[in-house]
Amino acid sequence: MEKNKRNIAVVALSGGMDSCVTAAVAARDYELALLHINYGQRTENRELKAFHDIADFYEVDKRLIIDYSHLAEIGGSSLTDLSREVRKADLSDKNIPSSYVPFRNANILSACTSWAEVLGAEKIFVGAVYEDSSGYPDCRPEFFKAFEKVINIGTKPETNVKIETPVINFSKSDIVKKGIELGAPLHLTWSCYKNEDEACGECDSCALRLRGFQQAGVDDPIKYKVRPVYT
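Quick caveat, the model's predicted, so the values are computed rather than measured.

Topic: the pairing of strand S4 (residues 123-126)
Because side chains alternate across S4, one face comprises the buried residues Lys123 and Phe125, and the other comprises Ile124 and Val126, equally buried. With four bridges joining them, strand S1 (residues 8-12) and S4 adopt parallel strand pairing. Its bridge partner being in S4, Ala12 is matched across the sheet by Val126. Direction of pairing for S4 relative to strand S5 (residues 162-164): parallel, over a ladder of three bridges. Within the sheet, the bridge partner assigned to Ile124 lies in S5 and is Ile163.

Here you go:
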């Protein structure tokens, strides 16, 4: 089917590996409409560059960048509050980490829903990962099921938008393998919570990413200041 005749899917694309692979999954069957949120995070500029690089890779015309700087004003996260430390990774810690941005995914999904309704999109794709993630409460499968009900109740009767979370039960190594299988541009992605030049290699996001590549037996193509071995 020609690109301009395909049904549209809105993809929440942060610029990270999980959302990139999710976009690759969506691109098999849909015309992509890519949405990115700036919310005052430490690596806002680098994530935005990754978003545009990935969008260019997939030759996406429909792009929307939204300013959610109110999340930084609300605070409560080491990603947006520079007075709070982004801690070194402890992958055995099952507590909700300091990097959790309160209810961020609900804010993102609200924007995706508004745009999807205007575009007449059938799906919203989100690269949430729960099983092998840091345990964010708004990455749980039941959260997305509940939000889909909110969409059904709160949109026009003719609007029928479904949420897809294709990697939610994947491990990071599964995501790496799926990305390679689909030819996703993993080299264009950015995951680090701290740095915008070289990834730190030590925050939760870097640690989970590096462990995923290590378990997949693949070299991570981005630059790191240090590359610990995570088990």
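Let's pick the thread back up.
Considerations on unusual backbone geometry
Its identity is not glycine, yet Glu59 carries a phi of approximately 55 degrees, on the positive side. Turning to its location among the elements, Glu59 is positioned in the loop between helix H2 (44-57) and strand S3 (62-67). Of note in this structure, Phe103 is not a glycine but carries a positive phi near 60 degrees.

Notes on the nonpolar core
If you look at the biggest cluster of nonpolar residues, it comprises 47 residues, and the most contacted ones within it are Val10, Leu35, Leu109, Ile124 and Phe144. If you list the elements that add at least two residues to this core, you get S1, strand S2 (31-38), helix H4 (104-119), S4, helix H5 (141-154) and helix H7 (204-216). In terms of residues, this core owes the most to one element, H4, which gives seven residues. Once residues within four sequence positions are removed from consideration, Ile124 is found in contact with Val10, Leu109, Cys112, Thr113, Ala116, Ile151, Val161, Lys162, Ile163 and Glu164.

So, the environment of Tyr100
Tracing the backbone through its elements, the reader meets Tyr100 in the loop between helix H3 (70-74) and H4. Taking the C-alpha atoms as reference points, Tyr100 and Gly135, 35 residues apart in sequence, are found 9.0 Å from one another. The contact partners of Tyr100, leaving out residues within four places of it in the chain, are Gly76, Ser77, Tyr136, Pro137 and Asp138. A distance of 3.1 Å separates the side chain of Tyr100 from the backbone nitrogen of Phe103, its partner in a polar contact.

Describing H5
Note on helix geometry: an α-helix contains 3.6 residues per turn, so any two residues three or four positions apart are oriented the same way. Over its 14 residues, H5 runs 20 Å from end to end, which matches the ideal 20 Å to within 8%, given 1.5 Å per residue. Those residues of H5 that sit buried are Phe143, Phe144, Phe147, Glu148 and Ile151. What you see down the axis of H5 is that its buried residues fit within an arc of 140 degrees, all on one side. Residues of H5 that are exposed and angled more than 90 degrees away from the buried face: Lys145, Lys149 and Ile153.

Some thoughts on the side chain of Ser78
Within the element layout of this structure, Ser78 appears in the loop between H3 and H4. On the basis of relative accessibility, which here comes to 0%, the residue Ser78 falls in the buried class. Polar contacts involving the side chain of Ser78 include one to the main-chain amide nitrogen of Ser99, which spans 3.5 Å. Setting aside residues no more than four positions away along its own chain, Ser78 makes contact with Arg42, Arg84, Glu85, Val86, Ser98 and Ser99.

Let's talk about the sheet that holds S4
The strands that make up a sheet pair up through hydrogen bonds in the backbone, lying either parallel or antiparallel. The strand order across the open sheet built from five strands is S3-S2-S1-S4-S5, with neighbouring strands paired in parallel fashion. Both outer strands of the open sheet, S3 and S5, are each paired with one neighbouring strand and no more. Strand after strand, the sheet turns through a mean of 25 degrees between neighbouring axes, direction not considered. Packing against the sheet, H5 makes contact with S4 and S5, and its axis sits at approximately 155 degrees to S5.

As for the state of the cysteines
Evaluation of the coordinates by the stated rule reveals zero disulfides. The thiol of Cys112 is unpaired, and the distance to the nearest cysteine sulfur, on Cys139, comes to 13 Å. The class for Cys112 is buried, based on a relative accessible area of 0%. No disulfide involves Cys200; its sulfur sits 3.7 Å from the nearest other cysteine sulfur, which is in Cys192.

Quick word on the packing of aromatic side chains
Throughout the structure, instances matching the rule amount to six aromatic pairs. Ring centres of Phe103 and Phe143 lie 6.0 Å apart, and the angle between their planes is 75 degrees; on these two criteria the pair is classed as edge-to-face. One end of the pair, Phe103, is in the loop between H3 and H4; the other, Phe143, is in helix H5, and 40 residues separate them in sequence. The buried category is assigned to Phe143, whose relative accessible area is 13%. Members of the aromatic cluster, connected to one another through ring pairs, are Phe103, Phe143, Phe144 and Phe147.

Calculation notes
- Residues numbered from 1 in each chain as written.
- Predicted model: local features only at pLDDT ≥ 70, side-chain atom pairs only at ≥ 80, totals over all residues.
- Heavy atoms only, no water.
- Buried < 20%, exposed > 50% of the residue type's maximum accessible area, 1.4 Å probe, protein only.
- Helix = DSSP H or I, 4+ residues; strand = E, 2+ residues; numbered from the N terminus.
- Pairing = 2+ DSSP bridges.
- Core = buried A, V, L, I, M, F, W, Y, C linked by side-chain atoms within 4.5 Å.
- Contact = heavy atoms within 4.5 Å.
- Polar contact = N/O pair within 3.5 Å; in protein donor to acceptor, adjacent residues only side chain to side chain.
- Expected span 1.5 Å × (residues − 1).
- Arc of directions from axis to C-beta.
- Axes fitted to C-alpha atoms, helices over the stretch in contact; angles between N-to-C directions.
- Disulfide = S-S within 2.5 Å.
- Phe/Tyr/Trp six-rings, centres within 6.5 Å; stacked < 30°, edge-to-face > 60°.

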